[in-house]
Amino acid sequence: MADAAPRPAPTPRTARVVHAVHELIVVGADNGKLEAHYRTLMNQLAYARLVRVTLAQPGRIHESDHEHHQVLDLIQAKDGNGAERMMREHVRRSHQALLAGWDAEEDIASPGTPPQGVGGTR
């Protein structure tokens, strides 16, 4: 598609901004157990790489930004249930984008491998 608009590429700064939004939400929740679990998880993940792979998916940077704004708006409106639902949806969409990104990286790394479901499984 020659006339497709270029999509912004995630940068190390992007990963820091995403982390800062998540940090704001976790710390703002004033829930020690949540914060402890979050810190444990962040210490075990290659977080910057996960964000980079996820946000490299077409349109994901803008979708993720919109989802963050929705969560923060719901928190400001004191709609805890809505904020939780939106954050769960954000995590689900991010997970889908991450899996798609890993599949794309795998396809690039092994171009001779048939697509999933063709000639075997991965």
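Residues numbered from 1 in each chain as written. Predicted model: local features only at pLDDT ≥ 70, side-chain atom pairs only at ≥ 80, totals over all residues. Heavy atoms only, no water.

Engineer: Kindly report on the overall build of the protein, identifying the contributing residues and their values.
Structural biologist: When helices and strands are counted, the protein shows 5 helices and 0 strands. Ordered by position from N to C terminus, the α and β elements of the protein give α-α-α-α-α. Classification of the 122 residues of the protein by burial places 25% in the buried group. Long-range contacts, defined as pairs at least 24 residues apart, comprise 60% of the intrachain contacts of the protein with a sequence gap of at least 6. On the protein, roughly 8,700 Å² of surface is accessible, and the fraction owed to carbon and sulfur atoms is 59%. (Helix = DSSP H or I, 4+ residues; strand = E, 2+ residues; numbered from the N terminus. Buried < 20%, exposed > 50% of the residue type's maximum accessible area, 1.4 Å probe, protein only. Contact = heavy atoms within 4.5 Å. Areas by Shrake-Rupley, 256 points an atom, 1.4 Å probe, with all protein chains shown as cover.)

Engineer: Just give me the short version of the environment of Arg 93, but keep the residues and values in it.
Structural biologist: Looking at the element boundaries, Arg 93 is found in helix α5 (residues 80-109). Along the sequence, Arg 93 and Arg 60 sit 33 residues apart, while their C-alpha atoms lie 8.8 Å from each other. In this structure Arg 93 touches Arg 60, Glu 67 and Met 86, once residues within four positions along its chain are discounted.

Engineer: Let's hear about the pattern of salt bridges: which residues, and what values?
Structural biologist: Tallied over the entire structure, the rule returns 8 salt bridges. Measuring nitrogen to oxygen at the nearest pair gives 2.9 Å for the salt bridge that ties Arg 93 to Glu 89. You can see Arg 93 and its partner Glu 89 sitting in helix α5, 4 residues apart, about one turn around the helix. (Salt bridge = Lys/Arg side-chain N within 4 Å of Asp/Glu carboxyl O.)

Engineer: Residues and numbers for the confidence of the model for the protein, please.
Structural biologist: Put simply, the protein has an average pLDDT of 84, and 80% of its residues get 70 or more. Within the protein, the lowest mean pLDDT, 88, falls on helix α3 (residues 47-55), and the highest, 96, falls on helix α4 (residues 60-76). (pLDDT = per-residue confidence, 0-100.)

Engineer: An account of the nonpolar core is requested, with residue identities and associated values reported.
Structural biologist: Inside soluble globular proteins, nonpolar side chains tend to come together where they are buried. Core analysis: the largest hydrophobic core is formed by 9 residues, namely Ala 15, Val 18, Val 26, Tyr 38, Met 42, Tyr 47, Val 51, Leu 55 and Ile 61. Taken together, the elements giving at least two residues each to this core come down to α1 (12-28), α2 (32-44) and α3. (Core = buried A, V, L, I, M, F, W, Y, C linked by side-chain atoms within 4.5 Å.)

Engineer: Describe unusual backbone geometry, with residues and values.
Structural biologist: The backbone of Asp 30 sits at a positive phi, close to 50°, despite the residue not being glycine. Inspection of the secondary structure puts Asp 30 in the loop between α1 and α2.

Engineer: Before we move on, can you summarise the layout of surface pockets with the specific residues and values?
Structural biologist: Any space left empty among the atoms is revealed by the rolling of a water-sized probe across them. Quantified by volume, the largest pocket comes out at close to 670 Å³. Along its surface, the largest pocket is lined by 23 residues, and His 22, Leu 41, Met 42, Tyr 47 and Val 91 are the ones closest to its centre. Counting residues per element, the ones that place at least two in the lining of the largest pocket are α1, α2, α3 and α5. Considered as a void within the structure, the second largest pocket measures approximately 250 Å³ in volume. Around the second largest pocket, the lining residues are Ile 25, Val 71, Leu 74, Ile 75, Lys 78, Asp 79, Gly 80, Ala 83, Glu 84, Met 87, Arg 88 and Val 91. Elements supplying a minimum of two residues to the lining of the second largest pocket: α4 and α5. Sorting elements by how many residues they give to the lining of the second largest pocket places α5 first, with 6 residues. Residue classes in the lining of the second largest pocket are distributed as 7 nonpolar, 1 polar and 4 charged. (1 Å grid on protein atoms, 1.4 Å probe; cavity = no way out; pocket = protein on both sides within 12 Å on 5 of 7 lines; lining within 4 Å. Points joined across faces, edges and corners; volume = space filled by probe spheres on them. Nonpolar A, V, L, I, M, F, W, Y, C, P; charged D, E, K, R; others polar.)

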